[in-house]
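Read off the chains here:
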Amino acid sequence: MIRHKKRKRGVASESAKVRKSAPEWEKGAHAEALRSRIEFIKLITGISTHFINLSVDRIDEGATYALQRIGEFAAVDRSYIFRLYDDGKKMDNTHEWCADGIAPHIHRLKGLSAEEFSWIMSTLKKGQACYVPRVADLPPEAAVEKAEWQLEGIQSLICVPMISRGKVIGFAGFDSVRQEKAWDEDAIALLKIVGEIFSNALERKQAEETLRESEARYRLLSEHLEEKVGQKVAELEQAQSLAAIGKMVSVVAHEVRNPLQGIKMGVDVLHAEIGEDASKAETMAGIDHAVNLLNSIITELLEYSKPVQLRHSVCSVGALVDESLKVLAHKLQNITITLELNEREREMTVDSAKITAVLVNLISNSIEAMPDGGQLRIQSRSCEEKGRNVLKLSIVDSGCGIAEKDLPAVQEPFMTTKIRGTGLGLPICRKIIEAHKGSMRIRSKLDEGTTVEITLPFSSPGDPPCSVKDS
Ligand SMILES: Nc1ncnc2c1ncn2[C@@H]1O[C@H](COP(=O)(O)OP(=O)(O)OP(=O)(O)O)[C@@H](O)[C@H]1O
Ligand SMILES: [Mg+2]
């Protein structure tokens, strides 16, 4: 079935049927052809069984081994597999076996355009083998193929399609370099079975790889999901415990406020009785100051533990900033203030009392960070963010700054570096800003200064869609 022009090995091209009337030499040739065909069938069956038992990780190795066994049996010089990409437009030489002394080409034959090799591909795509007894005799339509095959020194070749679910996914080829080689129909039919075996094995490999990939993806996804759920549960627990603390704080604060009120009244009465006694007056002033401080701490605690109730009104960034600076005027002597407010009169709908409180808190922090004076810059601009018109308001100081590692901590409740601080200023500011559907971001550099940037929507959530009202 496979005829070699000069070699003895191989299978004869004649039909295996031995006619009784044939001469003795002819009977011998038929018997040899039959034996060779049986050997070939046995080889193919062995390869098929081998692939079935092969683990997916070893299929590539198995394919190269099968190419070698078939190549050696059929006495060709090079055997190989080409795989088409999923879109069928390009192809790679993925496996190759070469007889001793024959140059490999696998490294070169990657990403070839299937369209350029349309002559061979059109035959393979019909599910037929492409058999070229003499490369030199190829027609002009096969010019690309001829040039490539002559470059590889091929004299004859045969390629069989690898088909999966009715689609050509590649092909297996067998080159004769040293001499021409003829293949008969029986041999070609058997080679087509080889193509099917390769395609089954390689498709099994790809299917298992895809399965492994999607398994890995789902595992990752479920791990991620678990992590996220864990995070959310922790957040919920924290929120629940914060809510419980908040409730407790408000009860305690109310309880403390009444006796404090009593102390304050007592201090006032005693103050009147002390008269001219300076040292007693000083002690009384100390008590008075401490009571006032306790009162303000309790006010802040109550503020922080309550949900924020907003009372919206129309105002402008200019008015809000002016009002806050007025409240703090007595503390601003050593501070150089620069206002850079774009669209300072543009109307916005916010709870102006609460936003003023936020600005007073933030500017107070800046003043306290510059005990020997410094620069305070207040800047504003408007922009569009996530489909909303927003105001970006920055309070920039040249104060002591905050170390990068301390930035998250200083934003936590009760975290203060001040003797008379509560550590509730920033958390309250954030709470108010977030109630306005805005955000607050702090950037700082130790010994250089701090910038607090507030983002606030111009309109409140209940307003009709944003329109720019410039004045
Ligand atoms: N502009 C700033 N420059 C440097 N440090 C700052 C600045 N703003 C805040 N901090 C740091 O963050 C801490 C927490 O600030 P926060 O306003 O929450 O509380 P506080 O100012 O300490 O106390 P309170 O505001 O209740 O009087 C401050 O103690 C301070 O260390
Ligand atoms: Mg503060």
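Residues numbered from 1 in each chain as written. Chains lettered and ligands numbered in written order. Predicted model: local features only at pLDDT ≥ 70, side-chain atom pairs only at ≥ 80, totals over all residues.

1. Side note on the sheet that holds strand S10 (residues 335-341)
Here is the rule: The rule for pairing is simple: two strands pair if DSSP sees at least two bridges between them. Secondary structure counts use DSSP, requiring at least four H or I residues in a row for a helix and at least two E residues in a row for a strand, with both numbered from the N terminus. Only the contacting stretch of a helix is used when fitting its axis, a line to C-alpha atoms as for every element, and angles between N-to-C directions run 0 to 180 degrees.
One open sheet holds the five strands; their spatial order is S10-S12-S13-S15-S14, and the pairing between them is mixed. If you trace the sheet from one side to the other, it starts and ends with S10 and strand S14 (439-445), each paired once. Mean inter-strand twist for the sheet, computed between neighbouring axes without regard to direction, equals 15°. Across 10 bridges, the pairing between strand S12 (residues 374-385) and strand S13 (residues 388-397) is antiparallel. Counted as the bridge partner of Arg377 is Val396 from S13.

2. What to know about the pairing of S13
The turn joining S12 and S13, which pair antiparallel and follow one another in sequence, is formed by two residues; a positive phi near 50° is taken by Lys386. Here S13 pairs with strand S15 (residues 449-457) via eight bridges, running antiparallel. Within S15, the residue paired with Ser394 across the bridge is Glu453.

3. Structural notes on the domain arrangement of the protein chain
It is common to give the size of an interface as the accessible area that goes away when the parts come together. Our working definition: Each domain span listed reflects an automatic or database assignment of domains.
Each assigned domain of the protein chain is listed with its residue range as follows: domain 1 (2-210), domain 2 (221-305) and domain 3 (313-457). Distance from the C-alpha centre of domain 1 to the C-alpha centre of domain 2: 87 Å.

4. A word on the site of ligand 1
Just so we agree on the cut-off: We count a residue as near a molecule or strand when its backbone-placed C-beta atom lies within 6 Å of that partner. Any residue outside Ala, Val, Leu, Ile, Met, Phe, Trp, Tyr, Cys, Pro, Asp, Glu, Lys and Arg is labelled polar, Gly included; the first ten of those are nonpolar and the last four are charged.
Near ligand 1 lie 22 residues; those nearest to it are Asn365, Ala369, Thr416, Gly421 and Gly425. It is helix H8 (residues 352-369) that provides the largest number of residues to the shell around ligand 1, a total of four residues. Across the shell around ligand 1, the residue classes break down as seven nonpolar, 12 polar and three charged.

5. Focus on helix H7 (residues 317-327)
How we decide: In this scheme the burial state of a residue depends on its C-beta neighbours within 10 Å: 20 or more other such atoms mean buried, 12 or fewer mean exposed, and anything in between means partly exposed; the C-beta positions come from the backbone. The arc under discussion is defined with respect to the helix axis, by the directions toward the C-beta atoms. In this description, a residue-residue contact is defined by the distance between C-beta atoms placed from the backbone, which must lie within 7 Å.
Turning to H7, its buried residues are Val317, Leu320, Val321 and Ser324. The buried residues of H7 occupy an angular sector of 95° when projected down its axis, which confines them to one face. Tucked into the core, H7 has its buried residues touching strand S9 (313-316), S10, strand S11 (347-350), H8, S12 and S13.

6. Description of the pairing of strand S6 (residues 156-164)
By the criterion of burial, S6 is predominantly enclosed, with eight of the nine residues buried. The pairing of strand S5 (residues 130-132) with S6 spans three bridges and is antiparallel. Looking across to S6, one finds that Cys130 is bridged to Cys159. With nine bridges connecting them, S6 and strand S7 (residues 167-176) associate as antiparallel partners. Bridge pairing links Ile163 to Val168 in S7. With antiparallel pairing between neighbouring strands as the criterion, S6 and S7 make up a hairpin whose turn holds two residues, including Arg165 at a positive phi of roughly 45°.

7. Structural notes on the sheet that holds S5
Overall, antiparallel pairing links the six strands, which are arranged S4-S3-S2-S7-S6-S5 in an open sheet. The strands lining the two open edges of the sheet, one partner per strand, are strand S4 (112-113) and S5. Bridge analysis of strand S3 (residues 90-98) against S4 gives two bridges, and the strand direction is antiparallel. Across the sheet, the residue bridging to Lys90 is Ser113, located in S4. Helix H5 (residues 185-274) rests against strand S2 (78-84), S5, S6 and S7 of the sheet, and its axis sits at about 45° to S6.

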